[in-house]
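Take a look at the letters that make up each chain.
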Amino acid sequence: MNKVLEEKIRGAHLTKTEKRIADYLLEHSETLYFTTAKDLAMELKVSDTSIIRLCRSLGYSGYKALQDSVRQQLSQAMLRERYVIPHEQVQDKLSRYKGLSSYQNLEMAISNLQSSYDKNEPEKFSKAAEIILSSEHVLVSGFRGSAGVASHLALLLSQLTGHVDCCCKADSCCVEKMMDYKKEDCVVLMGVERYSKMSLVMAEMAKESGCRLIVITDKITSPLAAGAELVLLADFSSPSAFNSFVGALFIAETIAFELSRLLGIQPRSRLHRMNRYLEELELF
C-alpha cells in the first residue's frame, strides 16, 4: 500500500463516493500507473468527474498527477531495496534446495509456466501479435540472461514476417537503431531485475519516438513497464542462483503462436524461399 497516498486520503474530507474510489486506489496502488481515469470510472461505475474531484481533494491537479506521484513512490521504494545479486543468493538457495531432485526441479519449471500464464490475460498475447503485425519495423531486445529468449523471439518473428531486427548486445548500435524508430514501429523489450541500463534507455527512447512498446518483465512496477502499451509478466523463480527463463520463453513462443494464427498460411512462400537458401548453405 502506498503510504503517501494513504496519508493524503486519511487527512482529506471525502464524500461517500470519494471514499469508495479512495479505497480502490489504495488497494490497487501498484497498478494505478497503467489504469486510465476512464477505465477506473467504468470499473467503479462512477463518473470521470468524480475521479478528478477526488484527485483534487487529495491535493493533485488531476488523475495524471496522482499517477505520477504513485509511480515516483514505487520507484523510490525499489531503489531502497538492495538488488540481490546472484552470489548473495547462493547460500540461501543451497540450504533450501540442496535436497531437490531433478523431478522436483521439473515441477518448479511447470509451476513457472503456469504462473507466467496466470499473470497475463489471454487477450494480451493476441494484442502483442496484432501490434507486431501492424508495425512497419519491429526491434526485439534483451540483454545478458534475457538475450537468449529475446533472440529466439526475434528468430520466430522473422520467419513469419519481415522487418524484424534483434539487438542483444549492450553497445552503441542499440541507440543507433532506436534513433530511426517512429510511431509506426514497435519495440519489444525483455528485462528482469536487476534491469539493464541499456534496456531502460531503449524504453525511454521508444517513448520519446512515440513507437509502440511491448515489455516482457518480472513485475508491474518494473521501470521498463512505465508507459509501455503492453506489459507481459513472467515468473523468473529458480532454485539456483540464477533466474529461470522458462516462463519468459513460454510468453515469447505464445506471441509467435498468436502471430502465426493471425497470418494463417500467408508465410508459406516466405518460409519456402528461406528454406531453399538455408538448405543450400547447410544451415540446419
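Residues numbered from 1 in each chain as written. Predicted model: local features only at pLDDT ≥ 70, side-chain atom pairs only at ≥ 80, totals over all residues. Heavy atoms only, no water.

(A) Geometry of the overall build of the protein. Along the protein, the regular secondary structure elements total 13 helices and 5 strands. Taken over 284 residues, the protein has a buried fraction of 42%. Considering only intrachain contacts with a sequence separation of at least 6, the fraction spanning at least 24 residues in the protein is 72%. Accessible surface for the protein amounts to roughly 16,100 Å². Of this, 53% is attributable to carbon and sulfur atoms. (Helix = DSSP H or I, 4+ residues; strand = E, 2+ residues; numbered from the N terminus. Buried < 20%, exposed > 50% of the residue type's maximum accessible area, 1.4 Å probe, protein only. Contact = heavy atoms within 4.5 Å. Areas by Shrake-Rupley, 256 points an atom, 1.4 Å probe, with all protein chains shown as cover.)

(B) How the structure looks around helix 9 (residues 147-160). Between its first and last C-alpha atoms helix 9 spans 20 Å; for 14 residues at 1.5 Å apiece the expected length is 20 Å, and the two agree. All buried positions along helix 9 are accounted for by A147, V149, A150, L153, A154, L157 and L160. Looking straight down helix 9, one finds its buried side chains confined to an arc of 165°; they lie on one side. (Expected span 1.5 Å × (residues − 1). Arc of directions from axis to C-beta.)

(C) Local environment of the state of the cysteines. Taken as a whole and judged by the stated rule, the model has 1 disulfide. With a sulfur-sulfur separation of 2.5 Å, C167 is cross-linked through a disulfide to C174. Where C167 bonds to C174 through sulfur, the torsion about that S-S bond is close to -95°, and the disulfide is left-handed. A relative accessible area of 2% places C167 in the buried class. Free cysteine: C166, not disulfide-bonded; nearest cysteine sulfur from C168 at 3.4 Å. (Disulfide = S-S within 2.5 Å.)

(D) Spotlight on the nonpolar core. In this structure, I132, V140, V188, I214, I216, L232 and I255 are the most contacted members of the largest nonpolar core, which totals 33 residues. Put simply, the parts of the chain that give this core at least two residues each are helix 8 (122-134), strand 1 (138-142), helix 9, strand 3 (186-190), strand 4 (212-217), strand 5 (230-233) and helix 12 (246-263). The greatest single-element share of this core, amounting to 7 residues, is contributed by helix 9. Once residues lying within four places of it in the same chain are set aside, the contact partners of I214 are A128, I131, I132, C186, V187, V188, L189, L230 and L232. (Core = buried A, V, L, I, M, F, W, Y, C linked by side-chain atoms within 4.5 Å.)

(E) Broad picture of the confidence of the model for the protein. Across the protein, the average pLDDT comes to 85, with 88% of residues at 70 or higher. Here helix 6 (residues 86-97) stands out as the element of the protein with the lowest mean pLDDT, 61, in contrast to strand 3, whose mean of 96 is the highest. Every residue in residues 78-84 scores below 50 in pLDDT, and together they form 9 contacts with partners more than four places removed in sequence or on other chains. (pLDDT = per-residue confidence, 0-100.)

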